[in-house]
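Overview (structure and organization)
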Amino acid sequence: MPAISFQSVSKAYPSPNGPQGGTFLALDNVSLTIEPGEFFGLLGPNGAGKTTLITILAGLARATSGHVSVLGSDVQTDYAGARRKLGVVPQELVFDPFFNVREALRFQSGYFGVKHNDAWIDELLESLGLADKANVNMRALSGGMKRRVLVALALVHKPPVIVLDEPTAGVDVELRQTLWAFISKLNQQGSTVLLTTHYLEEAEALCGRIAMLKNGRVVALDSTSALLKAASGNVLQFKIDSELPASLKLGARVTGRVVQFPAVDALAIENYLAAVRQAGLTALDIEIRRADLEDVFLQVMKQHANPAPSAQKVSA
């Protein structure tokens, strides 16, 4: 039985700019199956449909068509059963301002009918670096601490399936390390994890399989190792102190002073460096590295560079 199953899921919204009666497809026939115990990554640019998919999984929105289930429980026809099996950490910092951290966790336990779980609450507080904040009102916490509490709230009923929607967005390195150490431990103990993130180095390090979305469609789905092997060769990377000419920018990825080119072979490397020299620039800290998940992601997005779906009629 799959931990999470998305079967031909589409989600349409009324299109304000389209023809009368037209709709915009936020999700277009998405099918994914995540097996128990997997650490699965869901990647895509802003607006690709990742959060829409998770919102439907959590039962907070209804798919226009298709079916979604969590360990056999349909998220629409068996909402309570599906929700008990699911722990969701949302992107937004949502909290109750009237309770301290421990009280919030106890109330959240009650929503799922879980009683006398103070030992687990203590473990969550300790594992997420919240032990000294247990009696602090939620309003008094920093953004990073509130993010930790959201993780604890999602895990307080010990769900077998954990969904993390951009859990480390805007948080410090310490929280990232603390969070991933704890989530990895739960995954090793059998929990299924679905992660969305813009930090591709996290996805590469943590996820065994990855799906990439663009314009509401799945454009890549494979094991992380297979995706990396499919990347085109190595990458030439160096730094420059001046702006790269427009003619060279076309094939480059430029981040500040760092320039990266796909290094298919030795001749391509020499040609790039010669072109840089001819432009009157000096390449510093030259290195050849293996393609990483960010390189793969950019390649996949470029291959599927079609415009977003236009307004159209969609049957429910």
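Here is what the cut-offs are and how they apply
- Residues numbered from 1 in each chain as written.
- Predicted model: local features only at pLDDT ≥ 70, side-chain atom pairs only at ≥ 80, totals over all residues.
- Heavy atoms only, no water.
- Pairing = 2+ DSSP bridges.
- Helix = DSSP H or I, 4+ residues; strand = E, 2+ residues; numbered from the N terminus.
- Axes fitted to C-alpha atoms, helices over the stretch in contact; angles between N-to-C directions.
- Contact = heavy atoms within 4.5 Å.
- Salt bridge = Lys/Arg side-chain N within 4 Å of Asp/Glu carboxyl O.
- Buried < 20%, exposed > 50% of the residue type's maximum accessible area, 1.4 Å probe, protein only.
- pLDDT = per-residue confidence, 0-100.
- 1 Å grid on protein atoms, 1.4 Å probe; cavity = no way out; pocket = protein on both sides within 12 Å on 5 of 7 lines; lining within 4 Å.
- Points joined across faces, edges and corners; volume = space filled by probe spheres on them.
- Nonpolar A, V, L, I, M, F, W, Y, C, P; charged D, E, K, R; others polar.

Let's talk about the sheet that holds strand β12 (residues 253-255)
- What the four strands build is an open sheet, ordered β12-β13-β11-β14; its pairing is antiparallel. Where the open sheet ends on each side, the last strands, each with one partner, are β12 and β14 (284-290). Between one strand axis and the next, the sheet turns by 20° as a mean value, whatever way the strands run.
- Contacts from helix α11 (residues 293-303) reach β11 (234-239), β12, β13 (258-263) and β14 within the one sheet, and its direction differs from that of β12 by about 125°.

Focus on the pairing of strand β4 (residues 65-70)
- Where strand β1 (residues 4-14) lies against β4, five bridges are found, and the strand directions are antiparallel. Bridge pairing in β4 links I4 to V70.

Notes on the pattern of salt bridges
- According to the stated counting rule, one finds 14 salt bridges in the structure shown.
- A salt bridge links E294 to R253, with the shortest nitrogen-to-oxygen separation between them at 2.7 Å. With E294 in helix α11 and R253 in strand β12, the pair connects residues that are 41 residues apart, well separated along the chain.
- Residue class for E294 comes out partly exposed when judged on its relative accessible area of 36%.
- Among the charged side chains, a salt-bridge network with shared partners connects R253, R289, D292, E294 and D295.

A closer look at the confidence of the model for the protein
- With 94% of its residues at a pLDDT of 70 or more, the protein has an overall mean of 87.
- Low pLDDT (under 50) marks residues 308-316, which in the prediction has 23 contacts with non-local residues, meaning those over four places away or in another chain.

Examining the layout of surface pockets
- Space inside the largest pocket adds up to approximately 580 Å³.
- Lining the largest pocket are 27 residues, and of these V88, P90, V94, Q108 and L150 sit closest to its centre.
- Those elements that place two or more of their residues in the lining of the largest pocket are α1 (50-57), α2 (79-84), β6 (86-89), α3 (101-111) and α5 (143-155).
- With four residues, the top contributor of residues to the lining of the largest pocket is α3.
- Per-class residue counts for the lining of the largest pocket are 17 nonpolar, six polar and four charged.
- Approximately 360 Å³ is the volume attributed to the second largest pocket.
- Together, 16 residues line the second largest pocket, and G251, P262, D295, L298 and Q299 are the ones closest to its centre.
- Looking at the lining of the second largest pocket, the elements with two or more residues in it are β11, β13 and α11.

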